[in-house]
Amino acid sequence: MQQVPYASVVGSLMYVMVCIRPDIAHVVGTVSRFLSNPIRANWNPVKWILRYLRGTTCLKLCFGGDKPTLVGYTGFDMAGDIDSRRSTSGYVIKFAAGAMAWQSRLQKCVVLSTTEAEFIAITESCKELLWVKKFMQELSFVQDKYLLFCDSQSDIHLGKNSTFHSRSKHIDVRYHWIRDALEARLLELAKDHTNDNCVDMMTKMLLKSKFETCCEIVGLSIIPT
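The text that follows walks through the structure, step by step, so that each part is easy to find. For clarity, every value in this text was computed on a predicted model and none was experimentally measured. (Residues numbered from 1 in each chain as written. Predicted model: local features only at pLDDT ≥ 70, side-chain atom pairs only at ≥ 80, totals over all residues. Heavy atoms only, no water.)

### Looking at the packing of helix H1 (residues 6-19) against helix H3 (residues 40-55)
Running from N to C, H1 and H3 cross one another at 40°; their axes reach a closest spacing of 11 Å. Classed by the angle they form, the pair H1 and H3 counts as oblique. Seen along the crossing, H1 lies across H3 with a hand that is left-handed. Contacts from Tyr 6, Val 9, Val 10 and Leu 13 in H1 reach Asn 42, Trp 43, Val 46, Ile 49, Leu 50 and Leu 53 in H3. Grouping the constituent residues of the contact of H1 with H3 by class yields nine nonpolar, one polar and no charged. (Axes fitted to C-alpha atoms, helices over the stretch in contact; angles between N-to-C directions. Helix = DSSP H or I, 4+ residues; strand = E, 2+ residues; numbered from the N terminus. Parallel < 35°, antiparallel > 145°, perpendicular 65-115°, else oblique. Left-handed = near helix turned anticlockwise from the far one by under 90°. Contact = heavy atoms within 4.5 Å. Nonpolar A, V, L, I, M, F, W, Y, C, P; charged D, E, K, R; others polar.)

Following this line, the structure appears as structure tokens:
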């Protein structure tokens, strides 16, 4: 492996992922965990990612639609990392039917329930959505309400009801900040169906049909060159 440019190739993949390809965020985040001491088994997935990019060079982010709208999606994968048992959080911020900001990363702590994992993911997504909201307002873009979609009804109730603490009192205090944001009406949490949650491709492995659906939702379309 000393003759293999593992770190260099993964760094190049990170650049592509951050700029134009949210569909490879999860796999790039996975292979980037082994930069310090990669083995041959880690190199094979990197080559698969390169083959995938080579075969999807016509896949591009597209923006459009009748009325530009800023909306966010959030999701998670429970204890997806086998070594540390930490969960993966992800979010996608869309504007004018295309993804303009996205992220997929391991959470900083080990969670004890799916509710806690989703609550942490929602809080991180909320911070990014509010930053983009302020940025768009400086450009004189204002809309009636800003929605953050998640597929967990229990976390929506947890964010709105401060007395619902029997299963959440152990969660870090900083993640309860979202309750103040909801009370101030800076944004709204909304429920979406799991099949319509495009963040799933950024937190877990999916079937081909669901993966293609997620790509379509974030605005990735085939445009022949």
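### What to know about the packing of helix H4 (residues 114-138) against helix H5 (residues 153-160)
Where H4 meets H5, the closest approach of the two axes is 9 Å, and the angle between their N-to-C directions is 65°. Like other packed secondary-structure pairs, H4 and H5 cross with a definite hand, here right-handed. Residues Thr 114, Thr 115, Glu 118, Phe 119 and Ile 122 of H4 pack against Ser 154, Asp 155, Leu 158 and Gly 159 of H5. Taken together, the residues of the contact of H4 with H5 break down into three nonpolar, four polar and two charged.

### Section: the side chain of Lys 94
Tracing the chain through its elements places Lys 94 in strand E3 (residues 88-95). One buried charged residue, Lys 94, remains without a salt bridge, the closest side chain of opposite sign being Asp 192 at 9.7 Å. At 2.7 Å, the side chain of Lys 94 and the backbone oxygen of Ile 217 are in polar contact. When near neighbours in sequence (up to four residues on either side) are disregarded, Lys 94 contacts Thr 69, Leu 70, Val 71, Tyr 73, Ala 99, Met 100, Ile 217 and Val 218. (Buried < 20%, exposed > 50% of the residue type's maximum accessible area, 1.4 Å probe, protein only. Lys, Arg positive; Asp, Glu negative; His and termini not counted. Salt bridge = Lys/Arg side-chain N within 4 Å of Asp/Glu carboxyl O. Polar contact = N/O pair within 3.5 Å; in protein donor to acceptor, adjacent residues only side chain to side chain.)

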